[in-house]
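What follows is each chain in one-letter form.
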Amino acid sequence: MTSDNPTADRLLSDARKKTAALESPMLAYIGIALAAIGLIVGATVIPLVGWVLGAAAVALGGVSLKRDMAVKLARIALIIGALAILAATFNLTWAYTHDAFWYESF
C-alpha cells in the first residue's frame, strides 16, 4: 500500500476485513455445536430444547450456506439440526403414547 491516498488505503483495508469476516466458517461451527447439543438433549430429556436448538442450527447452516464459504460444514449443521428436530419430535410422541414424562418421576 502506498501513502499517496490514505482514504483509499483505509477503505481498502476495511473492505478486506469485511471480506475476511464473511469467509469465516465460524457460523457453521456454532451451528454444528448447537445441533449436537440439541440432538442429545432433545432425544433424551427435553424435546422443546431440541426443537429450538435444531431450528437455530438449521438457520445458522442456511446462513453459512448462503455465504458460500464453508459449504460442507453448513450442510453438516443443516443435517444434524434436522436430525435434532426429528429426534425431539420422536421423543415427545413416544412420551405421549407411553405416558412417560421425565418430570413425573420426581
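In what follows, the structure referred to is the one given above.
What comes next is a walk through the structure.

The rules we used
Residues numbered from 1 in each chain as written. Predicted model: local features only at pLDDT ≥ 70, side-chain atom pairs only at ≥ 80, totals over all residues. Heavy atoms only, no water. Helix = DSSP H or I, 4+ residues; strand = E, 2+ residues; numbered from the N terminus. Buried < 20%, exposed > 50% of the residue type's maximum accessible area, 1.4 Å probe, protein only. Contact = heavy atoms within 4.5 Å. Areas by Shrake-Rupley, 256 points an atom, 1.4 Å probe, with all protein chains shown as cover. Expected span 1.5 Å × (residues − 1). Patch = residues over 30% accessible without salt bridge, like charges linked within 9 Å, V, L, I, M, F, W, Y side chains within 5 Å. Salt bridge = Lys/Arg side-chain N within 4 Å of Asp/Glu carboxyl O. Axes fitted to C-alpha atoms, helices over the stretch in contact; angles between N-to-C directions. Parallel < 35°, antiparallel > 145°, perpendicular 65-115°, else oblique. Left-handed = near helix turned anticlockwise from the far one by under 90°. Nonpolar A, V, L, I, M, F, W, Y, C, P; charged D, E, K, R; others polar.

## Describing the overall build of the protein chain
Consideration 1: Across its full length, the protein chain holds four helices and zero strands.
Consideration 2: From first element to last, N terminus to C terminus, the protein chain shows the α and β order α-α-α-α.
Consideration 3: Residues counted as buried form 24% of the 106 residues belonging to the protein chain.
Consideration 4: Partitioning the intrachain contacts of the protein chain with sequence separation of at least 6 by distance along the chain shows that 67% fall at a separation of at least 24.
Consideration 5: Here the protein chain displays about 7,100 Å² of accessible surface, and carbon together with sulfur accounts for 71% of that area.

## Some points on the environment of Leu 34
Consideration 1: For Leu 34, the position within the fold is in helix α2 (residues 26–44).
Consideration 2: Judged by its relative accessible area of 23%, Leu 34 is partly exposed.
Consideration 3: For Leu 34, the residues in contact, after removing those within four places along its chain, are Leu 53, Ala 56, Ala 57 and Leu 60.

## Thoughts on helix α4 (residues 71–98)
Consideration 1: Over its 28 residues, α4 extends 40 Å from the first C-alpha to the last, a length consistent with the 40 Å expected when each residue adds 1.5 Å.
Consideration 2: Looking at α4, one finds that the buried residues are Ala 74, Ala 77, Gly 81, Ala 84, Ala 87, Ala 88, Asn 91 and Ala 95.
Consideration 3: Close packing links the buried residues of α4 with α2 and α3 (47–67).
Consideration 4: Once α4 finishes, Asp 99 follows within two positions and takes phi at roughly 45°, a positive value.

## A look at a nonpolar patch on the surface
Consideration 1: Together, Val 45, Ile 46, Leu 48, Val 49 and Val 52 make up a nonpolar patch on the protein surface, roughly 380 Å² of accessible area in all.
Consideration 2: With respect to the helices, strands and loops of the structure, Val 45 is situated in the loop between α2 and α3.
Consideration 3: Accessibility expressed as a relative area gives 38% for Val 45, which makes it partly exposed.

## Description of the packing of α3 against α4
Consideration 1: With their axes 8 Å apart at the nearest point, α3 and α4 run at an angle of 160° to one another. Relative to α4, the element α3 is oriented roughly antiparallel. In the packing of α3 onto α4, the handedness of the crossing is left-handed.
Consideration 2: The residue makeup of the contact of α3 with α4, split by class, is 15 nonpolar, eight polar and one charged.

## Examining the side chain of Ser 64
Consideration 1: With respect to the helices and strands, the residue Ser 64 is situated in helix α3.
Consideration 2: For Ser 64, a relative accessible area of 5% gives the class buried.
Consideration 3: Sequence-distant contacts of Ser 64, that is, excluding residues within four places in its chain, are made with Leu 27, Ala 28, Met 69 and Ala 74.

## Structural notes on the packing of α2 against α4
Consideration 1: The contact between α2 and α4 brings their axes to 8 Å, and the two run at 15°. It follows that α2 is roughly parallel to α4 by the angle criterion. Seen from above, α2 lies across α4 with left-handed handedness. Where α2 abuts α4, its residues Ala 28, Tyr 29, Gly 31, Ile 32, Ala 35, Ala 36, Gly 38, Leu 39, Gly 42, Ala 43 and Thr 44 lie against Leu 73, Ala 74, Ile 76, Ala 77, Ile 80, Gly 81, Leu 83, Ala 84, Ala 87, Ala 88 and Asn 91.
Consideration 2: For the contact of α2 with α4, the per-class residue count stands at 16 nonpolar, six polar and no charged.

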